[in-house]
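Here's the letter readout for the chains.
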Amino acid sequence: MKKFLCLAITIAIFINAPAQRRAGSNAIDLLITGGAVVTMDAERRIFENGFVAIRGDQIVDVGAAAALKAKGYVARQTIDARGRVVLPGLINTHGHIPMTL
């Protein structure tokens, strides 16, 4: 349940914040590593062994875990997502007949 909650938080952040990196600061609040990271960028990239760096309520970087060491992020919390998928949230994935009118 705890892992599901962490991934649900990540999903919510994917929807509410663009992937961008603030220059000059490597301090981040949350680092998710090792999972298959599905992006919603123009190329619809998927990083089989990826990472997501989060500061506050914004995703500041997404990429391949192989590049992570060079980024030099210092995270307050790290989640090991190996064997899991980190993906954007699915909003209203169902419908009711009254919603179609």
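Quick note: structure is the one above.
Scope of this entry: the structure provided in the associated data block.

Scoring rules and cut-offs
Residues numbered from 1 in each chain as written. Predicted model: local features only at pLDDT ≥ 70, side-chain atom pairs only at ≥ 80, totals over all residues. Heavy atoms only, no water. Pairing = 2+ DSSP bridges. Helix = DSSP H or I, 4+ residues; strand = E, 2+ residues; numbered from the N terminus. Contact = heavy atoms within 4.5 Å. Buried < 20%, exposed > 50% of the residue type's maximum accessible area, 1.4 Å probe, protein only. Salt bridge = Lys/Arg side-chain N within 4 Å of Asp/Glu carboxyl O.

## Quick look at the sheet that holds strand 7 (residues 85-86)
Consideration 1: Pairing in this open sheet of three strands is mixed, and the strands run 3-2-7 from one edge to the other. The sheet is open, and its two edges are formed by strand 3 (46-47) and strand 7, each paired on a single side.
Consideration 2: Looking at chain direction, strand 2 (residues 36-38) and strand 7 are connected through two bridges and run parallel. Paired with Ala36 across the bridge in strand 7 is Val85.

## Some words on the environment of Val74
Consideration 1: Tracing the chain through its elements places Val74 in strand 6 (residues 74-80).
Consideration 2: Each C-alpha atom, one on Val74 and one on Asn26, is 6.0 Å from the other, the two residues being 48 residues apart in sequence.
Consideration 3: Ignoring sequence-local partners within four residues, the contact set of Val74 consists of Asn26, Ala27 and Ile28.

## Regarding the pairing of strand 4 (residues 50-55)
Consideration 1: Counted residue by residue, strand 4 has six buried out of six residues, so it is predominantly covered.
Consideration 2: Judged by which residues are buried, strand 4 turns out to be covered on both faces: Gly50, Val52 and Ile54 on one side and Phe51, Ala53 and Arg55 on the other are all buried.
Consideration 3: The pairing of strand 1 (residues 27-33) with strand 4 spans four bridges and is classified as antiparallel. Note on strand 4: the bridge partner recorded for Leu31 is Ala53.
Consideration 4: Summarising the sheet, strand 4 and strand 5 (residues 58-64) pair through six bridges and their orientation is antiparallel.

## A word on the pattern of salt bridges
Consideration 1: In this structure the tally under the stated criterion is five salt bridges.
Consideration 2: Measuring nitrogen to oxygen at the nearest pair gives 3.0 Å for the salt bridge that ties Lys71 to Asp61. Taken together, the residues span a long stretch of sequence, with Lys71 in helix 2 (residues 68-71) and Asp61 in strand 5 at a distance of ten residues.
Consideration 3: With a relative accessible area of 23%, Lys71 lands in the partly exposed category.
Consideration 4: With a relative accessible area of 10%, Asp61 lands in the buried category.
Consideration 5: In this structure, the salt-bridge partner of Arg82 is Asp80, at a minimum N-O distance of 2.4 Å.

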